[in-house]
Each structure stands twice: as structure tokens, then as C-alpha cells.
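Analysis of the macromolecular model
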Amino acid sequence: MALRGIKVVELAGLAPGPFCGMVLADFGAQVSRVDRPGFSSNLSRLDRGKRSLVLDLKRPEGPGVLRRLCARADVLLEPFRSGVMEKLQLGPNLLLQENPKLIYARLSGFGQSGSFSQVAGHDINYLALSGVLSKIGRSGENPYPPLNLLADFGGGGLLCTLGILMALVERMHSGKGQVIDANMVEGTAYLSSFIWKTQKVGLWSKPRGQNLLDGGAPFYTTYRTADGEFMAVGAIEPQFYQLLIKGLGLKSDELPNQMSQADWPEMKKKFADVFVKKTKAEWCQVFDGTDACVTPVLTLEEAAHHDHSRERGSFLTDEDQLLSPRPAPLLSRTPAVPFAQRDPFVGEHTEEILKNFGFNQKEIDELYSKGIIESSKTKCSL
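Residues numbered from 1 in each chain as written. Predicted model: local features only at pLDDT ≥ 70, side-chain atom pairs only at ≥ 80, totals over all residues. Heavy atoms only, no water.

1. Description of the overall build of the chain
What the chain contains, in helices and strands, is 16 helices and 12 strands. Seen through its principal axes, the chain has C-alpha atoms that stretch 85 × 45 × 40 Å. A total of 382 residues make up the chain; the buried ones form 43% of that total. Here the contacts in the chain between residues at least 6 apart in sequence split such that 64% fall between residues at least 24 apart. Of the charged side chains in the chain, 44 are positive and 43 negative; the average position of the first set lies 4 Å away from that of the second. (Helix = DSSP H or I, 4+ residues; strand = E, 2+ residues; numbered from the N terminus. Buried < 20%, exposed > 50% of the residue type's maximum accessible area, 1.4 Å probe, protein only. Contact = heavy atoms within 4.5 Å. Lys, Arg positive; Asp, Glu negative; His and termini not counted. Charge placed at Lys NZ, Arg CZ, Asp CG, Glu CD.)

Written as C-alpha cells, this is what we have:
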């Protein structure tokens, strides 16, 4: 796999950090997750292919253990607010001095500097501060976040992964590591570059929910069907729009011009009246295999079992029979080979990880006796 041989130390966190670590693990990196004591499981459920070590960084000897791990690691992934790692004597200056090749990835909400760097936040807050949230929502309604996908996973976890990969490539030439300041606000803003760069060409000139790509156009929105399901329409180009009109059983010469925004509200009502007369399955029979850009709005389970997904093997099943998306993108020569077994228990690999990073049994036993490390295996044997 593409990242075989890369050692990653991931400090446990929520959502974006675990996702970043899972992507690295899916493509072959050896990811060791450092969990805090007192947690029986990882809430994010994004631990495929990882190993788990329980380490108490608040005890005096705890940071020293992590430093030894980082001395042999390629990547450290930490999800805390600015300054937390420095208080633990685990800041990048110290760790890079001990391991100049270390890539120190800092994944936070607001970044390592700035007036918001010390405050708490979640996806919706980062999305709001990036400016993107102001563009999402129906006309006349409050802005609303698209789950927690954009900031947490797009602007956060995915762009942090990209930063790590770029730093690994650069290290091949310089032999040096570096610090990555990945944060959800700037990452989300960067994802929205298309919005920023098209503001003056009329794509976003109307209020929220009344533009071409935000649900304002009758040919770029969703419609309810007879069985209470939904169809998604994205027929922007004229040739695709004509196929939409044909599939709906309407006549172009009896309709306003496609791009007449003043007529869009009335056109939406007309399209809605047509869509509600057939079920989702019936509309699929009409539009499947055409270029009308009309597709069913599938549930997660439907998406996993859709013909197209099954033909491509787009979803995988683990040993607990849980479905999840296959890693993407596909690499022709070194594809991801995701771990098929269950996610690790918290602390399941404590001794294994420490031994892999150079600790001997006597040192490990001493760390146990001082309560600095824990193992799910030792708990089970008591």
C-alpha cells in the first residue's frame, strides 16, 4: 500500500482527527492511537486498522513516554487547542529537536494563533466563521449546516491528511519534518474557493437559496415523490435540461426560458406537481440511463445496495457485518486494503505498541505500576 512503513502516533480526539488517522491507516500507515485513561471506547468509530495504547499524559512521566514514541514516529497527529501540547512539554520545538524528521500535524478548530485560538467550538462554529454557513439554507430560512461534514471532515480531517502527505513528499527531498497548522475554519474557507472566486460572475448575486447552485433553480433542487421519497435534479446544461423536460412529460415551448430567474418559483411549483405523481422507483425507470441528471435521493442503506455501488464494490463489510464506504480514491498499483477486523478496544495494544517503539518489559511493568499506562487485556485478566 502507498503508505506502508509510515508510523503515525495519533492522539485520540473526536471526528476530524480520527478520520485523518483512518485515511492514513487505510492506505497502509501504521497508526497507533494514544487514548486517555477512563474511556471504554472511542466515540468517533473511525479506528479501522489502528492500534490503541492508553497513556496518562497528565502524570509526570506520561509526556516522556509520548516523546519516546515520537522519537521513532514519522507523524504525530494532535487535535488540541493551541498551547495544550506546550503545557505538557510536548510542543513541536522540543519534539522536532529530538526527531528532526517528525511531521507534527496540529488539527484544531481555529488554528494555532488568532483571537479565537483558545476558545471551544464545533463544526457549526467553524463553518460560520469561514463565511460558508451564510450561503447554505433555503430562501427565507435560517442558515443550516450540512450535518458536520464540511468543517470537521472536509476542511479539517481531509485537508490535514493532505498536509501530512505533502509534508511526507517534501521530506523525501529535504530529509526534514515540519509543523502543519490545519484548522477547520481556514480549511473550510479553502474548500469554498469556488464560491469566493465566482462572486462577481452572478452565481451568488441573489439572497441565500435563490441562486443557481443553492436550491434556487427549479432544475437544481430536490422534489418529493408520490411515496414520500425524493428525487435530486441537477440538469443545468441546456441539453440535459431538455431531457429533464422530456422525462417530466412537459413541452419546452410552453415553458419560460430556463434561465429566467423571475420564473423560477413558478417553475418549481410546476415541476413539484409533476414529480409528486409518481413514486421514486417509477421516476428511476424514467430517468435511469439518461443524461437528464436526475437521480434518487438514497438512504445510507439504499446507497450501499444500489446497483452502481455493488458493481464497483463501493462499500465494505467488517467482521461485525457493519457497512462502511470503501477508501477513496482508487489507486491502480497500490490500492488501499482496509482492515476487515473490528475496531480496536481502548488500550488493547498498549504493550505491543510500547515494545514496537523500543520499551522493554521492565519499563512497561513500571509504567503499569505507576498507573501511567493501562491495557484492556490486563483489565480482562483481573
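Now, onward.
2. Side note on the domain arrangement of the chain
A common way to express how large an interface is: the accessible area buried when the components associate. For the chain, the assigned domains are domain 1 (7-192 + 340-374) and domain 2 (230-296). Distance from the C-alpha centre of domain 1 to the C-alpha centre of domain 2: 45 Å. (Domains from an automatic or database assignment.)

3. Brief notes about the sheet that holds strand S8 (residues 230-234)
Spatially, 3 strands are ordered S7-S8-S9 in an open sheet, and the strand pairing comes out antiparallel. Strand pairing shows two members of the sheet lacking a second neighbour, strand S7 (220-224) and strand S9 (294-296), which therefore form its edges. Between one strand and the next, the sheet's axes are offset by a mean angle of 25 degrees, whatever the strand orientation. Sitting on the sheet, helix H10 (residues 264-275) is in contact with S7, S8 and S9, with an inclination near 40 degrees to S7. (Pairing = 2+ DSSP bridges. Axes fitted to C-alpha atoms, helices over the stretch in contact; angles between N-to-C directions.)

4. Concerning the pairing of strand S2 (residues 30-35)
Summarising burial for S2: 5 of the 6 residues are buried, a large majority. Relative to S2, strand S1 (residues 7-11) is paired through 5 bridges, and the arrangement is parallel. Across the sheet, the residue bridging to Glu10 is Arg33, located in S2. Taken together, S1, helix H1 (residues 16-26) and S2 constitute a β-α-β crossover, and its handedness is right-handed. (Right-handed = clockwise from strand over helix to strand, strands pointing away.)

5. A word on the confidence of the model for the chain
Here the chain averages 95 in pLDDT, while 98% of its residues score no lower than 70. Across residues 378-382, confidence stays below pLDDT 50; counting only partners more than four residues off in sequence or on other chains, it has 2 contacts. (pLDDT = per-residue confidence, 0-100.)

6. So, the pattern of salt bridges
As a working rule, side chains carrying opposite charge can pair if their charged atoms are close by. As enumerated under the stated definition, the model contains 18 salt bridges in all. Residue Arg33 is joined to Asp47 by a salt bridge in which the shortest nitrogen-to-oxygen separation is 2.9 Å. Of this pair, Arg33 sits in strand S2 while Asp47 sits in the loop between S2 and strand S3 (51-55); the two residues are 14 residues apart in sequence, bridging distant segments of the chain. Given the relative accessible area of 2%, Asp47 is considered buried. For Glu86, the salt bridge goes to Arg106, with nearest N and O atoms at 2.9 Å. With Glu86 in helix H3 (residues 84-87) and Arg106 in strand S5 (residues 103-108), the pair connects residues that are 20 residues apart, well separated along the chain. (Salt bridge = Lys/Arg side-chain N within 4 Å of Asp/Glu carboxyl O.)

7. Observations concerning H10
Side chains that are three or four residues apart share a direction in an α-helix, a result of its 3.6 residues per turn. Here H10 spans 16 Å end to end across 12 residues, near enough to the 16 Å set by a 1.5 Å rise per residue. Listing the buried residues of H10 in full gives Trp264, Met267, Phe271, Val274 and Phe275. An end-on view of H10 places all buried positions within 95 degrees of arc, on one side of the element. Exposed positions of H10 whose direction lies more than 90 degrees from the buried face are Pro265, Glu266 and Lys269. Where H10 is buried, its residues touch S7, S8, helix H9 (238-248), helix H11 (280-287) and S9. (Expected span 1.5 Å × (residues − 1). Arc of directions from axis to C-beta.)

8. Brief notes about the packing of aromatic side chains
Under the counting rule described, the total for this entry stands at 9 aromatic pairs. Taking the centre distance of 5.4 Å and the plane angle of 70 degrees together, the rings of Phe110 and Phe116 count as edge-to-face. The interplanar angle of 65 degrees and the centroid separation of 6.3 Å between the aromatic rings of Tyr223 and Phe271 together place this pair among those described as edge-to-face. Of this pair, Tyr223 sits in strand S7 while Phe271 sits in helix H10, placing them 48 residues apart in sequence. (Phe/Tyr/Trp six-rings, centres within 6.5 Å; stacked < 30°, edge-to-face > 60°.)

9. A short note on helix H15 (residues 361-369)
Restricting attention to buried positions, one finds in H15 the residues Ile364, Leu367 and Tyr368. The arc that holds every buried residue of H15, seen down its axis, measures 105 degrees, which confines them to one face. Seen from the open side of H15, the exposed residues pointing more than 90 degrees away from its buried face are Lys362 and Ser369. Capping the start of H15 is the job of one residue whose side-chain oxygen sits 3.2 Å from the backbone nitrogen of Lys362: Asn360. Gly371 lies just past H15 and shows a positive phi near 75 degrees. (Polar contact = N/O pair within 3.5 Å; in protein donor to acceptor, adjacent residues only side chain to side chain.)

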